[in-house]
Amino acid sequence: MSAFDRSGGALSCERVPLADLAAAHGTPLYVYSATTIAERYRAVDQAFAGYPHAMHYALKANSTLGIARYLRSLGAGADANSGGEIEIALRAGFTPPQIVFTGVGKTDTELGRAIDLGVRSINAESENELVRIERLAAAQGKRARVAVRVNPDIDARSHPHISTGLKSNKFGIALDDARDVCARMRERPGIEIVGLHSHVGSQITELEPLRRAAQTLVTLARELKGVGVPIDHLDIGGGLGISYDGRQVPSAEDYAAVVLPVLRDSGMTVILEPGRFLVGAAGVLVSRIIDIKPQPGGKLFVILDAGMTELIRPMLYNAYHRIEPVESSDRPGVLCDVVGPLCETSDTLGKDRQLPEPRVGELMVVYDTGAYGSVMASNYNRRPMPAEVLVHDGSATLIKRRQTIDDLVALES
Ligand SMILES: Cc1ncc(COP(=O)(O)O)c(C=O)c1O
């Protein structure tokens, strides 16, 4: 049974009515189900059971400390995509060996910090970056553990803005160059090449690109071993998609069934960096209808108190999120555009939606917003960021209070 349930007539999260949470914490409000996160984490962990694996949760999907800490408590490591995310990982209690550090443009300061901490691996994106890592590590008298991010030139068949594995994308070292780069870097004293990495995109719902990417790493690792570069892990990134519209998508078991036979051949530990798959379906955005306006032709604008400042995915990627009233209703359906309150025409959360005749003041829920929701929130139009609540087995914890105007101006003079 889903953690988000209507059996009482109104939507609840792990038996806590969303209306109660909205009354206590205001709207817009992010609400997360801890049980859903745990179920999704265990599904991946069990799918890879029997093969040496480590899950490094991609903090970029949702790095609110309460969520990061909860994933750590389940056994996850962390994938940090910036110096800021490394610091968040540490504050969430991850130790350096539990952190991998990825990112297409890492500054010397960020790299120096990762080297000093001794993170499990720095996923290096270019030969220049490898040279910088080696120089920075040598200056610290250390040997940095790196994985070389390979660009396998694979089309993840996801949205172009979140596809990262094509050679026309800015990520990683071209497959054709990777072998020579590794061979050139292997003798350097400040660097130890311990792994290979690839991440071909996000919201991937076809498994073949993920299988091909894993195969590319296995083949390259074998070649490198032949020239004296012993790799100990293959990091196959994240990317597994979720169903935003009810359509069938691959499960964790389907994913493992496709990549494990490829990886088994190598015998190497596999690192996984799932983000969206773990937290996407665990979150909802609760919002209140501020106003309703008729449009020419009979459609209605339903104006919410949440918009692109709280959830930018629909505007950035044309992403679809289910939107429903929190209270169940048998009112007749009306065609609506669900929009936010910002001064931007693109501030639209859902176009052409059939909703039970909406009412001003009514609570609405936007589903599947646990990933790339609150982390991408902004203060545009001087809007304070929403509060966030983590619900676990009937009890709700405020894990992020709503920003205040004082918070917004705290850095200004
Ligand atoms: C390097 C890397 N790893 C992991 C992820 C997480 O991806 P997802 O949330 O699709 O699992 C991303 C996101 O794009 C990423 O860039």
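Our subject is the structure that appears above.
Numbering of residues starts from 1 in every chain and runs along the sequence as written. Thresholds applied to this predicted model are a pLDDT of at least 70 for local features of residues and 80 or more for the giving and counting of side-chain atom pairs; totals over whole chains, interfaces and linings are not thresholded and use all residues. Calculated side-chain values reflect all of the structure's heavy atoms, with hydrogen atoms and water omitted.

Student: Could you clarify how one ought to interpret the site of the ligand in this entry?
Tutor: Throughout this document, a residue counts as near a molecule or strand when at least one of its heavy atoms sits within 4 Å of that molecule or strand. Taken together, 15 residues sit near the ligand, with Ser-202, Gly-239, Glu-273, Arg-276 and Tyr-372 positioned nearest. Here an oxygen atom of the ligand and a side-chain polar atom of Lys-60 are 3.0 Å apart. Note that an oxygen atom of the ligand is positioned 2.8 Å from one of the backbone N or O atoms of Gly-239. Surface accessibility in these figures is a Shrake-Rupley result with a 1.4 Å probe; residues are shielded only by whichever protein chains are displayed. Relative to its unbound accessible area of 390 Å², the ligand is 95% covered by the protein chains. For this analysis, a polar contact is any N or O atom pair within 3.5 Å, provided that within protein one partner can donate a hydrogen and the other can accept it, and provided that sequence-adjacent residues contribute only side-chain to side-chain pairs.

Student: Please explain unusual backbone geometry as it appears in this structure.
Tutor: One can expect most non-glycine residues to show negative phi and most peptide bonds to be in trans. The amide bond that connects Thr-27 to the next residue, Pro-28, takes the cis arrangement and shows omega of -5°. Segments assigned H or I by DSSP are reported as helices when at least four residues long, segments assigned E as strands when at least two residues long, and all are numbered from the N terminus. Within the secondary structure, Pro-28 is located in the loop between helix 1 (18-25) and strand 4 (29-33). Backbone geometry at Asp-368 places phi at a positive 55°, although glycine is not the residue there. Along the chain, the position of Asp-368 falls in the loop between strand 19 (363-366) and strand 20 (387-392). Phi at Tyr-372 is positive, roughly 55°, even though this residue is not glycine. One can find Tyr-372 in the loop between strand 19 and strand 20. Exposure classes here rest on a 1.4 Å probe applied to the protein chains alone. A residue is buried below 20% of its type maximum, exposed above 50%, and partly exposed in between. Look at Tyr-372 and you get buried, because its relative accessible area is 10%.

Student: Is there a simple way to explain the side chain of Glu-273 in this structure?
Tutor: Locating Glu-273 in the fold gives a position in the loop between strand 13 (269-272) and helix 10 (276-279). Among buried charged residues, Glu-273 stands out as having no salt bridge; its nearest opposite-charge side chain is Arg-149, 6.8 Å away. Side-chain polar atoms of Glu-273 contact the side chain of Asn-123, separated by 3.3 Å. Of the polar contacts made by the side chain of Glu-273, one reaches the side chain of His-197; its length is 3.2 Å. A residue counts as positive if it is Lys or Arg and as negative if it is Asp or Glu; His and the chain ends are not included. A side-chain nitrogen of Lys or Arg and a carboxyl oxygen of Asp or Glu constitute a salt bridge if their distance falls within 4 Å.

Student: Before we go on, may I ask you to explain the pairing of strand 14 (residues 283-294) in this structure?
Tutor: Regular strands place their side chains on alternate faces of the sheet. Sheet topology places strand 4 next to strand 14; 4 bridges connect them, and they run antiparallel. Looking at the pairing, Tyr-32 lines up with Gly-283 of strand 14. The pairing of strand 14 with strand 19 spans 4 bridges and is classified as antiparallel. Opposite Arg-288, over in strand 19, you have Leu-363 as the bridge partner. Here, a strand pair is defined by DSSP locating no fewer than two bridges between the strands. In this sheet, strand 15 (residues 300-304) lies alongside strand 14 in antiparallel orientation, the contact comprising 5 bridges. By the bridge assignment, Asp-291 is partnered in strand 15 with Ile-303.

Student: Even after reading the chapter, I still don't get the environment of Arg-135, so can you show me in this structure?
Tutor: Relative to the helices and strands, Arg-135 is located in helix 6 (residues 127-139). Relative accessible area serves as the criterion here: at 46%, Arg-135 is assigned to the partly exposed category. A sequence separation of 79 residues divides Arg-135 from Ala-214, and the C-alpha atoms of the two residues are 30 Å apart.

Student: When you look at the pattern of salt bridges in this model, what are you seeing that I'm missing?
Tutor: When the charged atoms of two side chains lie near each other, side chains of opposite charge can form a pair. The full count for this structure, using the stated rule, is 23 salt bridges. The salt bridge partner of Glu-127 is Arg-184, with a shortest N-O separation of 2.9 Å. Remark: Arg-184 occurs in helix 7 (residues 175-185) and Glu-127 occurs in helix 6; sequence separation between them is 57 residues. By relative accessible area, which is 27% here, Glu-127 ends up partly exposed.

Student: How do you make sense of the environment of Asp-305 when you look at a structure like this?
Tutor: In this fold, Asp-305 is placed in the loop between strand 15 and helix 11 (313-317). Taking the C-alpha atoms as reference points, Asp-305 and Pro-28, 277 residues apart in sequence, are found 6.3 Å from one another. Ignoring anything within four residues of it in the chain, the contact list for Asp-305 reads Thr-27, Pro-28, Ser-287, Arg-288, Ile-290, Glu-310, Pro-341 and Arg-383. Within the structure, Asp-305 has its side chain in polar contact with the side chain of Thr-27 (distance 2.5 Å). Contact between two residues is taken to exist if any of their heavy atoms lie within 4.5 Å; hydrogens are not considered.

Student: Mind showing me how you'd approach the sheet that holds strand 1 (residues 4-5) here?
Tutor: The strands that make up a sheet are held in pairs by hydrogen bonds between backbone atoms, and each pair lies either parallel or antiparallel. In space, the 3 strands of this open sheet follow the order 1-2-3, with antiparallel pairing throughout. Looking at which strands have only one partner, the edges of the open sheet turn out to be strand 1 and strand 3 (16-17). As defined by bridge partners, strand 1 adjoins strand 2 (residues 12-13) across 2 bridges and the pair is classed as antiparallel. For Asp-5, the partnering residue across the bridge sits in strand 2 and is Ser-12.

Note that every value here comes from positions in space, so none of it alone points to a role or purpose.
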